[in-house]
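Notes for the structure review
In case you want the letters, here they are:
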Amino acid sequence: MTSHNGDLRPQRRRLTGLAAVVLMALVAAIAQSFGRFTYGVLLPAVRDDFGLSNTVAGSLATVNMAAYLVGSLIVAAASSRFRLLSMMRVGIVLAIIGQALAAIAPGPLVLGAGLLSMGLGGALTWIPAPVVTADAIAPDKRALAIGFLGAGMGLGVVFAGQLSGFVRSTMGDASWRNVYLVQLLIGAVVAAAVLLLIGHRQERLASKSGLGGFSILRRMHGWVPLVCAFTVFGLLYLLVVAFLTTRLEDDNGWTSSQASLAFTLVGVAMIFGGPLFIALGERIGARRTLVISFAGWAVVTTLILPGWFVPTLILSVAIGLLFAAMPSVLTVYVVTNTTTDDYGPSFAATTFSFGVAQMISPQLGGFIADATGSFTPVFLLSAALAVIGMFASLWLPGHTRPAFPPMPAHAVAAAPPADWRMIDMTFAVTPVEVTANR
C-alpha cells in the first residue's frame, strides 16, 4: 500500500472564504452604516420633527459616539476573557436592538437609547471584524478583505441615503422612523446569518491589557502617530459626513432629494475607496497613502463650500473615496503590525482614541453651526484638522512587518474542531486510495 500521508496538507475552501468576506461586509453595513451614518442623513428630519436645535440634534449623535467609546473599553477589557467572535456576536445583537428602538421612538429620549445601543453594538462588532474577516481568506488577500469591510460600509451608506431620500420625499419628514424599520428587518436577517454561519479560530485569548489596551498597543512600532492619525480622523470626518445633507439644505438651498443624492454618492464612492487605497498602500506604503488621503480631504472639503450642484456631486464622490480610505489603511496598519493575541487590545486602544474624537465632533459641529448660523466654519475646521492628520501620517514608519505570514509549505496544521457555524473552515483532504485501503 502506498501512503500519501506526507502529501496531506490543509486546504482552504476559497469560495466559502469569499462568502465569509461578503457576509462580513454586510455586517459592517449593519453595524456601522445603519448604526452610525443613517442618523446623519436623517438629522434634518429628526430635528424638525422633534423641534430640536442643531446643538441638541448633534448631541444625539454624540450619545452614539460615547457608546462606541464605552464599547471600545469593553472590548479591550474583555479580550482576555472572551473570544473576539463572541464579542462580535453580542455586538450585532445590540445593534439590532438599537435599530428597533429608533424605529419606534416617540421622542428624543428613546431615540437616544436606540443610538446608544447602536453605538455600543457598533464597537463590539467593528473592532473584531477586521481580524475575523482577514482570517477568512488566504494570507495574501487579507488586506484586500479588510478593504471590503469599507466597501460594505459604503453600500450601507448608499442604501441609507437612497432610502431616506425616498421616505422623506414621499411620506414627509415625520416618517423618518420607517427608515430604521426597514433597516431593522434587513439587519435581523444579516444578524441571523452571522450567528449561524460565521466562525473564527482563535487559539489563545489576549493577555491582560491594562486600561483601554494601551499597554499592549505600546508594543507596536509607530503607535504614537497611528493614534494621532486615528484621533484626527475621528474628529474631521463627522464634521462633514454628519452635517453634509444639513449644510446642503440649510446653507445652499438644496432640496432633501438633492442632498440625499450627494450623500448617496458619498456611499457609492466608499464602496471602492477602501480596496483602491489599500491597493495603493501595498504599492507605495501606508504612510504615503495616508498623507495623500488627509491632504486630499483638506482640499475637497474646502472646494465643496460654494455648493454648486454638479461640482458638489463630483466632490461628494471624492469625499466618499477618502472617507473609506483613511480608516481602511489605518486598520490594515494595525492588523499587519500586531500579533493575533495583541490585535484585540491594540485596535480597541486606537478605537478608544477614535471614539473620544467622535464623541466630541458632532456636538462641536452643531455648536459652531448654531453660533455662526452656518456650517461653513464646520467644514473649514475639518479641512484644518486634515492638515494635522497629514503631518501625523508623515511620522509613521515607512515599512511594516506582516503579522499574518503565509503557512510554510512544510507545516501541517492540525484540523480545527468541528464547528458547523464556520463557513471558512480549514480541513484536511485525504486521497481516495488511502481511505479505501484502511
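Look up: the structure comes first, before these words.
Residues numbered from 1 in each chain as written. Predicted model: local features only at pLDDT ≥ 70, side-chain atom pairs only at ≥ 80, totals over all residues. Heavy atoms only, no water.

**Observations regarding the packing of helix α6 (residues 142–171) against helix α13 (residues 309–336)**
Interaxial distance between α6 and α13 falls to 10 Å at its minimum, and their mutual angle equals 140°. The pairing of α6 with α13 is recorded here as oblique in orientation. Between α6 and α13 the crossing geometry is right-handed. Contacts between α6 and α13 involve A143, I146 and G150 from the former and S328, T331, V332 and V335 from the latter. Taken together, the residues of the contact of α6 with α13 sort by class into 4 nonpolar, 3 polar and no charged. (Axes fitted to C-alpha atoms, helices over the stretch in contact; angles between N-to-C directions. Helix = DSSP H or I, 4+ residues; strand = E, 2+ residues; numbered from the N terminus. Parallel < 35°, antiparallel > 145°, perpendicular 65-115°, else oblique. Left-handed = near helix turned anticlockwise from the far one by under 90°. Contact = heavy atoms within 4.5 Å. Nonpolar A, V, L, I, M, F, W, Y, C, P; charged D, E, K, R; others polar.)

**Concerning the nonpolar core**
Counting residues in hydrophobic clusters, the biggest one holds 129 residues, and the most contacted among them are Y39, L111, L236, Y237 and W297. When residues of this core are assigned to their parent elements, the largest contribution, 15 residues, is made by helix α1 (residues 14–50). Sequence-distant contacts of Y237, that is, excluding residues within four places in its chain, are made with R36, F37, A242, W297, F323, F354 and Q358. (Core = buried A, V, L, I, M, F, W, Y, C linked by side-chain atoms within 4.5 Å. Buried < 20%, exposed > 50% of the residue type's maximum accessible area, 1.4 Å probe, protein only.)

**Details of the side chain of S374**
Take S374: it is sitting in the loop between α14 (340–372) and α15 (376–394). Within polar-contact distance, the side chain of S374 engages the side chain of D251 at 3.2 Å. Within polar-contact distance, the side chain of S374 engages the backbone nitrogen of T376 at 3.0 Å. (Polar contact = N/O pair within 3.5 Å; in protein donor to acceptor, adjacent residues only side chain to side chain.)

**Regarding a nonpolar patch on the surface**
Where nonpolar side chains cluster on the molecular surface, the patch consists of V93, I97, L195, L196 and L197 and spans about 380 Å² of accessible area. Looking at the nonpolar patch, the elements that each hand over two or more residues are α3 (84–103) and α7 (177–197). In terms of residues, the nonpolar patch owes the most to one element, α7, which gives 3 residues. With respect to the helices and strands, the residue I97 is situated in helix α3. (Patch = residues over 30% accessible without salt bridge, like charges linked within 9 Å, V, L, I, M, F, W, Y side chains within 5 Å. Areas by Shrake-Rupley, 256 points an atom, 1.4 Å probe, with all protein chains shown as cover. Salt bridge = Lys/Arg side-chain N within 4 Å of Asp/Glu carboxyl O.)

**A look at the packing of aromatic side chains**
All told, the structure shown has 13 aromatic pairs when counted by the stated rule. Look at W176 and Y180: their rings are 6.3 Å apart centre to centre, the planes differ by 85°, and that puts the pair in the edge-to-face class. Considered together, W176 and Y180 belong to a single accessibility category, that of buried residues. Taken together through their ring pairs, the aromatic side chains of Y68, F230, F233, Y237, F323, F347 and F354 make up a single cluster. (Phe/Tyr/Trp six-rings, centres within 6.5 Å; stacked < 30°, edge-to-face > 60°.)

**Comments concerning the pattern of salt bridges**
Where charged atoms from two side chains of opposite charge come close, those side chains can pair. Counted according to the given criterion, the structure contains 6 salt bridges. With a shortest N-O distance of 3.1 Å, R47 and D250 are connected by a salt bridge. Highlighted residues: R47 in helix α1 and D250 in helix α10 (residues 244–250), separated in sequence by 203 residues. Classification of R47 as buried rests on a relative accessible area of 11%. Take D250: its relative accessible area is 40%, and that puts it in the partly exposed class. Two residues, R168 and D173, come together in a salt bridge whose shortest N-O distance is 3.0 Å.

**What to know about helix α2 (residues 54–78)**
With 25 residues, α2 extends 36 Å from end C-alpha to end C-alpha; this agrees with the ideal 36 Å at 1.5 Å per step. Put simply, S53 is the residue that caps the front of α2, since its side-chain oxygen is 3.2 Å from the backbone nitrogen of V56. (Expected span 1.5 Å × (residues − 1).)

**Digging into the packing of helix α12 (residues 286–303) against α13**
Relative to each other, α12 and α13 sit at 150°, their axes nearing to 9 Å. By the angle between their axes, α12 is roughly antiparallel relative to α13. Seen from above, α12 lies across α13 with left-handed handedness. Contact residues: α12 offers A286, T289, L290, S293, F294, G296, W297, V300 and L303, while α13 offers L315, A318, I319, L322, F323, A325, M326, V329, L330 and Y333. Grouping the constituent residues of the contact of α12 with α13 by class yields 16 nonpolar, 3 polar and no charged.

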